[in-house]
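# Fold and contact review
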Amino acid sequence: MSASLITQVGSLAQRSMLKTLRQPFQMFPIIFFPAILLIINASGLHAATLLPGFPTHSYVSFAIAVAFIQGAMFSLINTGTNLAEDIETGFFNRLALTPLRRVSLIAGLLVGVAALGAMQSVVYILLGVLVGAHLDAGLGGALVVIVLGSLTALAFSSFGCVAALRTGSSEAVQGLFPLFFVFIFLSSSNLPRSLLKTPWFHTVATWNPISYLIEGFRSLYIFGWDQTALLRGFGVAIGLLLLGLLAVQWAMKTRLQRT
Amino acid sequence: MAEKGDNGIEVDGLVRDFKGGVRAVDGIDLRVAPGEIYGFLGPNGAGKSTTSLILTTLLPPTAGSARVAGLDVVHHGSEVRRLIGASLQDSALDPFLTGSEHMRLQSSLHGLPKPQREARGRELLAQVGLTEAAERKVGGYSGGMKRRLDLALALVHRPRLLFLDEPTTGLDPQSRAALWDEVRRLSVDGVTVFLTTQYLEEADALADRVGIIDHGRIVAEGTPAELKAAIGRPSVEAVPHDPGERERLAAVLERFGEPAAAASNGVAVRLPRGAGDLAEIVRAIDAENLQVADLRLHSPTLDDVFLAKTGRSLEGSAEDDDAEPAPETIPA
Amino acid sequence: MGDENEAATNVSATTHTTSGEPPPTPPSSPSPATPHEPQARSTVWGVALAIAWRGVHTYVRRPELAIPSLVFPLIFLASFAGGLSALGGVPGFDFPAGYTAFQFVFVLLQAAMFSGLFTGFTIAFDFESGFARRLMLAAGNRRGVALGYALVALTRATITLTVVTGVALLAGMQITGDGVDMFGLYALAALLVLVGFGWAAGVAFRFRTIQAGPLMQTPVFLILFLAPVFVPLPLLRGWIHSVASVNPATAFLDAGRGLISGVHNHTALAYICAVALIGVFTLWTLRGLLAAERAG
């Protein structure tokens, strides 16, 4: 006998969430670092609002979008690390020995991530309220933020899974952290693209998909309903997710050679 | 209780290559009868774990065939997995889940109906003596407890065959004995057990038949008694108190058997009539007024079998250069 | 299954000599232990240099250890100097050497402190793996262990700061200070390496696990970022201005920026603060070392 797909995915999703929630030191950077950076940058970069062309008088409303991306990056590392640990300890083989479908192995993990991504987004929204970020799109916008946040965490975590499946080492996954974080820094995270005066930086930020993700979140806070920015943001999130899932499928072929 | 039926193992010409030209399994043939405990003995890097991974469908072979419970492991992998349980080299547990949660997860993945999951989990945890620790996170379990939980998880779906890969490595003697008892009980219930080990006494104590593997090939196979008898009779070794008396001592001993390998300061002979000659040997030495510093009777061990077949001792060959690669990371 | 054990009961039969005399010592026995000879490396500096050698050797042999400590400063330099260059046009922002140099100083001093911090991680890893216990057992003078790791931190920082400086110069950074000023800047950076190391080493010796990494990292991170990172102090507003006004990191940044631009500002204060912090964290480290010794 074998369990249905829903049962398999549900069991693994439950385990994935339990595992994360029982490791407070994994939750700490997800909450703490984006929060502290937001608070510091909101004050430290307030002078940026004096620049001609800066889209808002509130730097915190401008900057809060970055928190969602940073949180998703930490999700990437945590998800990758957890999967790599499963491989290192042999737990992955234990799962492979059950009637678990190949797709369920990762789907279970990612469903857990999506749920946690939504929870994270709620926390960041509340944080924004606390520090004075104004969500121009209102309650409807908050729901969109939660969906986009969940999708972004999911997309990023799929790349964390690829890193884990390819390396099988939690240390190697964590060593990739600087690489993934480069994408946040080389984007429109601190200033709008129109105010990036250094030519090479402007080019890199324009090509960097993270810029469009950030701008998608940001548009809900600053402009309300900006269709173009939202389409781009969701487009990038979905595109990254599809790319990530394809890469996961490829990486699984070498990791899971189950007959 | 598992049914006695077609729950044997048949392996023909099994080969597994890895990247870099490493051949971890080099043409293995073996048969395991239903209900048998088969001990797969060999040093680190011999190919034991790779063989286990192939038979448990986690790794495809490069060549050859293997049938588990009558099913080809390559073409009927999912059916094989339903019939086998495996406790592999790592305990493979999640430190943040409790024992009960592990049982629930495993039973749900195996498709046990929900009403049965709790009962089956309690039953197995009681069987391996983990009832009291069931609600504790596995991260706080001792090595022995982890191994017992690992075994319980492998039995959730009542498999007909059980693969145990070095199940007692790192365990204290008490935990080891408890695990041995459990394996014997399973065998009595009709479960076929494929046990890989590097411990001679484990193979000796548990296995109905033993296959000795070295450098990916089976070098000897049979019951422990057959294997030991095949390489010869017991030997006696004596060390003279006065090194100058060595030749006289050798002359006495050689009346009782053929010379055998001995320490540099001793003399040894193999006893064709067995250990019964020992009293005569002592009387003969005494009659010659020879004084001995040490007199020992050696019966062949599985290590002697390995030595005879490979020229190396099993117990000293842990630092083998040809260590098995981690199969997950470098497939051919 | 039990019959083959029959022979096992005979295996242990052993008969000894009838003479009653103990057997002669086999020739392969080790000779009696020689008296302990003083080790040439039991001085503080001897131990320190041995540990420093090993630390640098590991760093060179395992480039993956070097990558994070090189990558992060370069990311910050590119992101802040490149991405925030428009801030140089904010009314009231008047820095002679330009925004790249303004940010370079932050990146340099941050990289210096983090070089010290990462060496604290190394100490924690060494304790977790058991290697540090080996060092503690072997070292004739255990203070040399702490000093050795400090030398490792300085060596790693030298590599990092050289790379960061090279990249900044290639990016067109202007330097309007003179040679003495630049020497002063790198001397300040060296002092901050020891500040970062002193804090992290004290934590590492006490907790002896990499799980204490966030405890090492977070205070340093906060202190650095609660300072005039992006704009000078007069352009900060609100609570951060208040915090930055009393934050020693502000003095470090002001001094460093003064040195690179040739317009000195709080230089003496920065050196005094750095030396004082080194003194405090030296005690912190040595007491941590005692805690590690007591733990065995």
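Residues numbered from 1 in each chain as written. Chains lettered and ligands numbered in written order. Predicted model: local features only at pLDDT ≥ 70, side-chain atom pairs only at ≥ 80, totals over all residues.

Glancing now at the overall build of chain C. Helix and strand counts for chain C come out as 11 helices and one strand. Helices and strands appear in chain C in the N-to-C order α-β-α-α-α-α-α-α-α-α-α-α. The 296 residues of chain C split such that 44% are buried. Relative to all contacts within chain C whose residues are 6 or more apart in sequence, the contacts with residues 24 or more apart total 79%. (Helix = DSSP H or I, 4+ residues; strand = E, 2+ residues; numbered from the N terminus. Buried ≥ 20, exposed ≤ 12 C-beta atoms within 10 Å, placed from the backbone. Contact = placed C-beta atoms within 7 Å.)

The next thing to look at is the overall build of chain B. The helix and strand inventory of chain B stands at 11 helices and 14 strands. A principal-axis box enclosing the C-alpha atoms of chain B has dimensions of 80 × 45 × 35 Å. Put simply, chain B has 332 residues, and 47% of those count as buried. The contacts in chain B between residues at least 6 apart in sequence include a share of 70% that link residues at least 24 apart.

What follows deals with the interface of chain A and chain B. Counting residues at the interface gives 28 residues for chain A and 29 residues for chain B. Secondary structure elements with two or more residues in the side of chain A that touches chain B: α1 (5-21), α3 (59-89), α4 (91-96) and α11 (227-255) of chain A. For the side of chain A that touches chain B, the element with the highest residue contribution is α1(A), accounting for six residues. Residues belonging to the side of chain A that touches chain B are distributed by class as follows: nine nonpolar, 13 polar and six charged. (Nonpolar A, V, L, I, M, F, W, Y, C, P; charged D, E, K, R; others polar.)

The subject of this paragraph is the sheet that holds strand β2 (residues 22-32) of chain B. All names here are of chain B. Sheet architecture is open: four strands sit in the order β2-β1-β4-β5, paired in antiparallel fashion. Two strands bound the open sheet, and with one partner strand each, they are β2 and β5 (71-72). Note: strand β1 (residues 9-18) against β2, eight bridges, orientation antiparallel. Within the sheet, the bridge partner assigned to Ile9 lies in β2 and is Val32. Strands in contact with helix α1 (residues 48-55) are β1, β2 and β4 (63-68); relative to β1, the strand with the most contacts, it is inclined by about 115°. (Pairing = 2+ DSSP bridges. Axes fitted to C-alpha atoms, helices over the stretch in contact; angles between N-to-C directions.)

All names here are of chain B. Bridging between strand β9 (residues 209-214) and strand β10 (residues 217-222) involves five bridges; their strand directions are antiparallel. Across the sheet, the residue bridging to Ile213 is Ile218, located in β10. Between β9 and β10, which pair antiparallel and follow one another directly, the connecting turn spans two residues, one of which, His215, has a positive phi of 50°.

A word on the domain arrangement of chain B. In terms of domains, chain B is made up of domain 1 (9-93 + 141-228) and domain 2 (233-299). In this structure, domain 1 of chain B and domain 2 of chain B have C-alpha centres spaced 41 Å apart. (Domains from an automatic or database assignment.)

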